[in-house]
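So the chains spell out like this:
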Amino acid sequence: YMDCPNSGHSLGGFRRPRVWYDAPMPRTLIVTPTYNEKENLPRFVDAVRSKFPEADLCVVDDNSPDGTGDIADGIAARDPQVKVMHRAGKLGLGTAYVQAFQKGLAEGYDRFFEMDADLSHDPKYLPEFVRALDDGFDVIIGSRNIPGGDVEGWGAGRHFISKGGSFYSRTILGLPVRDLTSGYKAFTRRALEAIDLASVRSNGYSFQIEMTYRAVLRGMRVKEVPIVFVDRTAGRSKMSRRIFAEAVGVVWKLRADAMRGRL
């Protein structure tokens, strides 16, 4: 594990290393789960596709009552690099990522990104993630809690839940990662295969914690890069006290399972 925050970095276009001049870019899949994001999804897709046109984008919609799934289908009909997975109902963030990652692995993708569709994860940081992957890291975390990272638009309660949850989790699990609850992440194929997606059980707030913990236990190289997280301006947050409470219990279960060799 290496925790190497970057500061003063350039966030321009992708800077491909020399090895790529005669080699194709690793196949990349960006996954975004959606539930009632009709106002945000078109802008999100446009922003991601313009910043990282080489990547494919998978929208996993949980049968959004507001018609987000239909909007995603319309976008996919116009852009072959946008794919849509429809699920029967609101089945949770963790299972959305696991299903999309498993499908992506079966289809031969090399790199996988997690991003929220609510525009809180700015695509301008994608080049920095790619550079970290090129440098040999297996898991990249967009961190709000290292120098250069920040949050805009949150009240004191959300700050407490996020920073308190991350501090609590890294203390219990013995991890040096500063932002364990970030949902802006990237994984190599090697990392996802090592994590063993079929055995991941967390589905809410704790999903991000479990994924990073499993990666570190398996010797994956982790890097945090600073991001400024901007709170959504449209739609409603999916965070709740129940989700946070679930995470508190899951952290202890993860530690116990790791001590018993079950992770």
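That block above? That's the structure.
From a predicted model like this one, the values you see are computed outputs, not experimental measurements.

**Student:** Would you mind going over unusual backbone geometry in detail, with residue names and values included?
**Tutor:** In this structure, N36 takes a positive phi of about 60° despite not being glycine. Among the residues examined, N36 registers a relative accessible area of 28% and is labelled partly exposed. With a phi close to 75°, L119 is a non-glycine residue in the positive phi region. The residue L119 is located in the loop between β4 (111–114) and α4 (126–134) in this model. Overall, L119 belongs to the partly exposed group, its relative accessible area being 29%.

**Student:** Summarise helix α3 (residues 93–106); cite the residues concerned and give the values.
**Tutor:** Along an α-helix, residues three or four positions apart point the same way, because every turn accommodates 3.6 residues. Over its 14 residues, α3 extends 20 Å from the first C-alpha to the last, a length consistent with the 20 Å expected when each residue adds 1.5 Å. Of the residues making up α3, those classed as buried are G94, A96, Y97, V98, A100, F101, G104 and L105. The positive-phi residue at the C-terminal boundary of α3 is G108, with phi of around 90°.

**Student:** Describe the sheet that holds strand β3 (residues 82–86), with residues and values.
**Tutor:** With mixed pairing, the seven strands of this open sheet are ordered in space as β3-β2-β1-β4-β7-β5-β8. Looking at which strands have only one partner, the edges of the open sheet turn out to be β3 and β8 (222–226). Averaged over neighbouring strand pairs, the angle between their axes works out to 20° when direction is ignored. Pairing analysis gives five bridges linking strand β2 (residues 56–61) to β3, with the strands arranged parallel. When the sheet's bridge partners are listed, C58 is paired in β3 with K83. Helix-sheet contacts for α3 involve β1 (28–34), β2, β3, β4 and β7 (185–188), and the interaxial angle to β1 is about 155°.

**Student:** So what's going on with the pairing of β2? Which residues, and what values?
**Tutor:** The buried count for β2 comes to six of six residues, which makes it a mostly enclosed element. Neither face of β2 is exposed, since D56, C58 and V60 on one face and L57, V59 and D61 on the opposite face are all buried. Note that β1 and β2 share six bridges and pair parallel. Of the residues in β2, the one forming a bridge with V31 is C58. Since β1 and β2 lie parallel, the crossover through helix α1 (residues 41–51) that links them has a hand, and here it is right-handed.

**Student:** Lay out the pattern of salt bridges in plain terms, naming residues and giving numbers.
**Tutor:** Summed over all chains, the structure comprises 11 salt bridges. Measuring nitrogen to oxygen at the nearest pair gives 2.7 Å for the salt bridge that ties R144 to D179. Of this pair, R144 sits in the loop between β5 (139–143) and β6 (150–152) while D179 sits in the loop between α5 (156–173) and β7, and the two are 35 residues apart along the sequence. In terms of burial, R144 and D179 fall into one category: buried. Note that K253 and D257 form a salt bridge whose closest N and O atoms lie 2.8 Å from each other. One end of the pair is K253 and the other is D257, both in helix α8 (residues 241–259) and four residues apart, which spans about a single turn. One network of salt bridges, with partners in common, ties together K253, D257 and R260.

**Student:** Report on the side chain of T188, specifying residues and quantitative values.
**Tutor:** Within the secondary structure layout, T188 lies in strand β7. By relative accessible area, which is 12% here, T188 ends up buried. Side-chain polar atoms of T188 contact the backbone nitrogen of A191, separated by 3.1 Å. Beyond its immediate sequence surroundings of up to four residues, T188 is in contact with D110, L133, F137 and D138.

**Student:** Can you explain helix α7 (residues 207–217)? Please cite residues and give values.
**Tutor:** By the criterion of burial, α7 is predominantly enclosed, with 10 of the 11 residues buried. Within the sequence span of α7, burial applies to F207, Q208, I209, E210, M211, T212, Y213, R214, A215 and V216. Backbone geometry just downstream of α7 places G219 in the positive-phi region, at approximately 80°.

Thresholds applied
All chains use their own residue numbering, which begins from 1 and follows the written sequence. Whole-chain, interface and lining totals are the exception, using all residues; otherwise, since this is a predicted model, local features are given only for residues with pLDDT of at least 70 and side-chain atom pairs are given and counted only at 80 or more. The side-chain numbers reported here are obtained from all heavy atoms of the structure, hydrogens and water having been left aside. The buried label goes to any residue with under 20% of its type's maximum accessible area, the exposed label to any with over 50%, and the partly exposed label to all in between, with areas taken from a 1.4 Å probe on protein chains only. Runs of H or I in DSSP of at least four residues are treated as helices and runs of E of at least two as strands, each being numbered from the N terminus. An expected span of 1.5 Å times one less than the residue number is assigned to each helix. A pair of strands is considered paired only if DSSP assigns at least 2 bridges between the two. Axes here mean lines fitted to C-alpha atoms, for a helix over just the part in contact, with angles spanning 0 to 180 degrees between N-to-C directions. Contact between two residues is taken to exist if any of their heavy atoms lie within 4.5 Å; hydrogens are not considered. Orient the strands so they point away from the viewer, and a crossover whose first-strand-to-second-strand path over the helix runs clockwise is right-handed. A side-chain nitrogen of Lys or Arg and a carboxyl oxygen of Asp or Glu constitute a salt bridge if their distance falls within 4 Å. For this analysis, a polar contact is any N or O atom pair within 3.5 Å, provided that within protein one partner can donate a hydrogen and the other can accept it, and provided that sequence-adjacent residues contribute only side-chain to side-chain pairs.

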